[in-house]
Amino acid sequence: MSAPGTREAEVLVVGSGIAGCAAALGAAREGAEVLLVTKAERPEDAATDWAQGGIATARGDPESLKEDIIAASDGTADEEAVDVLVSEADSAVRDVLVETLDVPFDGPDGSFDYAREAAHSEERILHVDASTGEHVLRPFLNYLDDHDRIEILEDTAALDLVTHEGRVYGAVLDTTPDGEPAPAGEPVYAGATILATGGIGACYGRSTNPEGATGDGIAMAALAGADVADMEFVQFHPTAYAPPEGDGNSFLVSEAVRGVGAVLANGEGERFMPEYHEDAELAPRDVVARAVAREREHTGEVVLDVSGLDFRAEFPDLAALCDEAGVDLPEIPVAPTQHFLCGGIDVDLHGRASLARLYAVGECARTGVHGANRLGSTSLLEGLVWGLRAGADAAGKPPETVEAPELLDRDPDLPDRFAAEKFIRLQRVMDEYVGLQRSPDGLRRAGAVLRRLKGEVDAYVRTRTSRSLYELRNAAVTALLVTRAAADNPESVGCHHVVEDEQAEAEATAD
Ligand code: SIN
């Protein structure tokens, strides 16, 4: 029984990227009534929409895709999870993306052009130009919008989970835009709650993620007592455009560009990747990212040279971005930039978290598929496959109510400056000490600063409420989880690279 005025949903999905959409679809196909909420003002403002790289398929050879995933992960990916991914890849792509959504993947007359990207041993990736994510997400959202069992609420943030004795009963939602003097929290009671809140890019100064990637789902789940895992495995993309100092606008230069022959050259005009790895520019992402960082440090800059391909014809969207940024083609200055969290809320093969009735899918989840380093073009696929699985599993559980946490009234006078200043401090610490390489001493320093910062934020959260304050709290919790996990793992593996304190200090002095 619910109190008058309280809202209920059989399945509550938080997040509107491919994983959230697939979860909503999976649940609705099982007959569930679904409420999908997103804090974005436009549901398409999700990381999926920004995805340039495509979606990997198995192309009838799941074993080969499995081998590449496990090799890219430095042998750390969970085999059982990878088996699920590779065996369901082709059917999920065909069923949802091709037959249901009619995504116009590149290729002539209804056939597909399969591309190759770094660390893939075969051509098996589907693209739509260099804006695959947008061409997947927009039709997906339109399809869900027309579905009679799915309701989508935008500009609606989940602030906290409603929990009781190890079980999740829904979430408290912030239904009004930041800064408005209205009650801040409305509980929605759900039979199952699926978090699909995306990544943690806002914890770093530069990221390929949209601004809203503040680690919300991970922080809410962790604060509610759910297990998280592999948080130290933060992936940096090797080739984001590096704008001149002082101009903040960066964008991803997809791995697909290296897949068709672009090469990396250092400040002395020399190609360097063959010295670092036998697969040169097509080595796993963590290897290329560290090599690019090192060459930038030693020679001043690194460029991606696209003179060996017909860049404008093959990547018109990227060429337009380069023109807008004033890039002097054919050389695109690049730098490693935070891109993806391989860890997250620990889930099983159906997206079930350690708390009853809680699920997580997409980047906020740790399925085990990526291990310590993700193979390119597997994130859309993981979101699709786990989203469908979690949605189907979550259906059929009637909502029940318990007492929801009381949230404080919104404080219209809360200075946004508070959150902005703290965010800058948090990002600086993460960039300096918890970036591409970490040292024990750096991680200790980061932990101390972040604990202090979280204490200051918690003091604010106890006395007032605003959406940006919750985002800051979530980013602080998430940054601390990353830092602690990194400090607890002394072994360099995949994208977690540990150096001695002396080396970190020598490099800092050389800067
Ligand atoms: C890229 O296009 O290089 C990024 C794709 C991905 O992260 O999977």
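Going by the structure above, here's the rest.
Described in the following lines is the structure provided in the data block. Please read these numbers as outputs of a predicted model, since none were measured by experiment.

Observations concerning the side chain of Thr193
On the secondary structure map, Thr193 appears in strand E8 (residues 186-195). For Thr193, a relative accessible area of 0% translates into the label buried.

Brief notes about the pattern of salt bridges
Summed over the entire model, instances satisfying the criterion amount to 29 salt bridges. The salt bridge involving Asp45 is made with Arg42; its shortest N-O contact spans 2.7 Å. Residue classification places Asp45 among the partly exposed positions, given a relative accessible area of 34%. One salt-bridge network, in which partners are shared between bridges, spans Lys39, Asp216 and Glu471.

Details of the sheet that holds strand E10 (residues 234-241)
Pairing in this open sheet of four strands is antiparallel, and the strands run E10-E13-E12-E11 from one edge to the other. Two strands close off the open sheet at either side, each with one partner strand: E10 and strand E11 (263-266). On average, each strand axis in the sheet is inclined to that of its neighbour by 45°, with strand direction left out of account. Across six bridges, the pairing between E10 and strand E13 (residues 331-341) is antiparallel. Across the sheet, Ala240 pairs through a bridge with Ala335, a residue of E13. With respect to the sheet, helix H9 (residues 285-299) is in contact with E10, E11, strand E12 (302-305) and E13, its orientation differing from that of E13 by roughly 130°.

Things to note about empty space enclosed by the protein
Tallied over the full model, the rule gives three cavities of 30 Å³ or more. If you add up the space inside the largest cavity, you get close to 40 Å³. What lines the largest cavity is Lys39, Ala157, Ala158, Leu159, Asp216, Arg467, Tyr470, Glu471 and Asn474. For the lining of the largest cavity, the element with the most residues is helix H15 (residues 467-488), which contributes four residues. When its residues are assigned to classes, the lining of the largest cavity shows four nonpolar, one polar and four charged.

Thresholds, definitions, all that
Residues numbered from 1 in each chain as written. Predicted model: local features only at pLDDT ≥ 70, side-chain atom pairs only at ≥ 80, totals over all residues. Heavy atoms only, no water. Helix = DSSP H or I, 4+ residues; strand = E, 2+ residues; numbered from the N terminus. Buried < 20%, exposed > 50% of the residue type's maximum accessible area, 1.4 Å probe, protein only. Salt bridge = Lys/Arg side-chain N within 4 Å of Asp/Glu carboxyl O. Pairing = 2+ DSSP bridges. Axes fitted to C-alpha atoms, helices over the stretch in contact; angles between N-to-C directions. Contact = heavy atoms within 4.5 Å. 1 Å grid on protein atoms, 1.4 Å probe; cavity = no way out; pocket = protein on both sides within 12 Å on 5 of 7 lines; lining within 4 Å. Points joined across faces, edges and corners; volume = space filled by probe spheres on them. Nonpolar A, V, L, I, M, F, W, Y, C, P; charged D, E, K, R; others polar.

Nothing here speaks to function; it is all geometry.
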